[in-house]
Each structure stands twice: as structure tokens, then as C-alpha cells.
Amino acid sequence: MNCKLLVTAVVLAITGFITPVKSQAPTTDTPAKSNHVLNACVQNQAETLPNPFSDVPVDHWAFKAVMTMHYCGAFRKATPPALFQKLQPTNSQQQPQKEPQFQK
């Protein structure tokens, strides 16, 4: 039993060295400029930017989410500052509301 496991591990290791995994080449040659990326992220239109992935077709159901994650980021720290400025509430939205007064 251990001999079969050892032989399998050796065969997999040898084939891994002989034929290494190749990375995928980007499908577009023109990278997006930072100004275009910021505008697309603020307008929530990251799918209009060049597709850097060869395995995510334009008609895929998750294409927009993949492009948004790639260009705009998944975390708030990766979100462009212009998006935060756009989403900040205006003065009329920031007016404090009166707390309800309970009668005794």
C-alpha cells in the first residue's frame, strides 16, 4: 500500500517538473489607464474596461462582478477615493432627526 502511494507521488512530481503549468496570457494588449478605471469604478461600469482574463467571456453571468473585483477592488481600502466622495450624504441628508420622546 505504501509502495503504491510512494510510486504515485514520484510519478506526479516527475511529470510536474517535465511539463510545468503555463500561465494564461491576457486577452487584451492595451491596459486601461487609471483615469478610465476610476471613472468606471465610480459609475459602476467596470465591465466596459478591457478584459484581462481569457477564461471569463463577456457573456458569462459573473463577468461584471469579476471585472469590478479586478479593477475596483473587493475591500474599501481598494475603492477609489472619488467613489467615497460621490457616496457621501449631502447636508440635507445629514440633518439630525429628533429622538422620539417617551411619555411617562
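These numbers come from a predicted model, not from an experiment.

About the cut-offs
- Residues numbered from 1 in each chain as written.
- Predicted model: local features only at pLDDT ≥ 70, side-chain atom pairs only at ≥ 80, totals over all residues.
- Heavy atoms only, no water.
- Helix = DSSP H or I, 4+ residues; strand = E, 2+ residues; numbered from the N terminus.
- Buried < 20%, exposed > 50% of the residue type's maximum accessible area, 1.4 Å probe, protein only.
- Contact = heavy atoms within 4.5 Å.
- Areas by Shrake-Rupley, 256 points an atom, 1.4 Å probe, with all protein chains shown as cover.
- Disulfide = S-S within 2.5 Å.
- Core = buried A, V, L, I, M, F, W, Y, C linked by side-chain atoms within 4.5 Å.
- Polar contact = N/O pair within 3.5 Å; in protein donor to acceptor, adjacent residues only side chain to side chain.

1. What to know about the overall build of the chain
In step 1: Counting its secondary structure elements, the chain contains four helices and zero strands.
In step 2: Taken over 104 residues, the chain has a buried fraction of 15%.
In step 3: Considering only contacts in the chain between residues 6 or more positions apart, those separated by 24 or more positions represent 38%.
In step 4: Summed over its atoms, the accessible surface of the chain is roughly 9400 Å², and 60% of this surface lies on carbon and sulfur atoms.

2. Focus: the state of the cysteines
In step 1: A full pass over the atoms with the stated rule returns one disulfide.
In step 2: Residue C41 pairs covalently with C72 via a disulfide, S to S 1.9 Å. Between C41 and C72, the disulfide has an S-S torsion of -100 degrees and is therefore left-handed. Remark: C72 occurs in helix α3 (residues 63–72) and C41 occurs in helix α2 (residues 34–42); sequence separation between them is 31 residues. Summarising the burial analysis for this pair, C41 and C72 share the class buried.

3. Examining the nonpolar core
If you look at soluble globular proteins, the nonpolar side chains tend to sit buried side by side.
In step 1: In this structure, V37, A40, C41, A46, L49, V56, F63, M67, Y71 and C72 together form the largest nonpolar core, which totals 10 residues.
In step 2: For this core, the secondary-structure elements that each account for two or more residues are α2 and α3.
In step 3: Those residues within four positions of V56 in sequence are excluded, and the remaining contacts are N51, F63 and V66.

4. Topic: the side chain of N51
In step 1: Mapped onto the secondary structure, N51 falls in the loop between α2 and α3.
In step 2: Polar contacts involving the side chain of N51 include one to the main-chain carbonyl oxygen of V56, which spans 2.8 Å.

5. A few points about α2
In step 1: For α2, every residue scored as buried is listed here: V37, A40, C41 and V42.
In step 2: Where α2 terminates, the next one or two residues include N44, which has phi positive at roughly 60 degrees.

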